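# Architecture and fold: a report
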Amino acid sequence: MSAPVRVPLEALGPRGRTVVETEVGPVAVFLVDGRAHAVANRCPHEGNPLVEGEVAGGVLTCLFHLWRFDLESGACLFGDAPVARYEAAVEGCEIVVRL
Ligand code: FES
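So, here is what we can say about the structure in this document. (Residues numbered from 1 in each chain as written. Predicted model: local features only at pLDDT ≥ 70, side-chain atom pairs only at ≥ 80, totals over all residues.)

### Let's talk about the overall build of the chain
So the rule is basically this: Each helix is a run of DSSP H or I of at least 4 residues and each strand a run of E of at least 2, with the numbering of both proceeding from the N terminus. Here the globule rule reads 2.2 Å times residues to the power 0.38, and the radius of gyration is calculated from C-alpha atoms. Working definition of a contact: two residues with C-beta atoms, positioned from the backbone, lying within 7 Å.
When its secondary structure is counted, the chain shows 0 helices and 10 strands. In sequence order, the chain lays out its α and β elements as β-β-β-β-β-β-β-β-β-β. By the compact-globule yardstick of 13 Å for 99 residues, the chain fits well, its C-alpha radius of gyration being 12 Å. Along the longest, intermediate and shortest principal axes, the C-alpha atoms of the chain span 35 × 30 × 20 Å. Considering only residue pairs separated by 6 or more positions, the chain has 36% of its internal contacts joining residues 24 or more positions apart.

### Re the sheet that holds strand 10 (residues 94–98)
Convention followed: We treat two strands as partners when DSSP finds at least two bridges between them. Comment: axis = line fitted to C-alpha atoms, over the contacting stretch for helices; angle = value between 0 and 180 degrees taken between N-to-C directions.
In space, the 6 strands of this open sheet follow the order 1-10-9-4-3-2, with antiparallel pairing throughout. Unpaired on one side and paired on the other, strand 1 (5–8) and strand 2 (17–22) mark the two borders of the sheet. The mean angle between the axes of side-by-side strands here comes to 25 degrees, regardless of whether they run parallel or antiparallel.

### A look at the sheet that holds strand 6 (residues 59–61)
With antiparallel pairing, the 4 strands of this open sheet are ordered in space as 5-6-7-8. What marks the edges here is a single partner per strand, and that holds for strand 5 (54–56) and strand 8 (76–78). Averaged over all neighbouring strand pairs, the angle between strand axes comes to 25 degrees, with direction disregarded. Where strand 6 and strand 7 (residues 68–70) come together, 3 bridges link them in antiparallel fashion. Looking at the pairing, T61 lines up with R68 of strand 7.

Structure below.
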């Protein structure tokens, strides 16, 4: 099992998100209403960056062709394929992502 990835809260931009490079590729990290979420930054549709998506009600919408994903499960709500998601939690001043 790989070491967790630690993302300082201060690394999040004003929109509460960032991308971290990991051994499984770039991972988009979100802080939404105090909860952390992490998904692969490549949309399963055409690989565009999910970090740029819209987040509302626990749903991430890719801006490119509007595929929608449940941030809790990675399930695809509109489109054909789920997104890889990872366990993420706020621990102190960091978000800890377990790949
Ligand atoms: S690349 Fe995300 S919906 Fe097409």
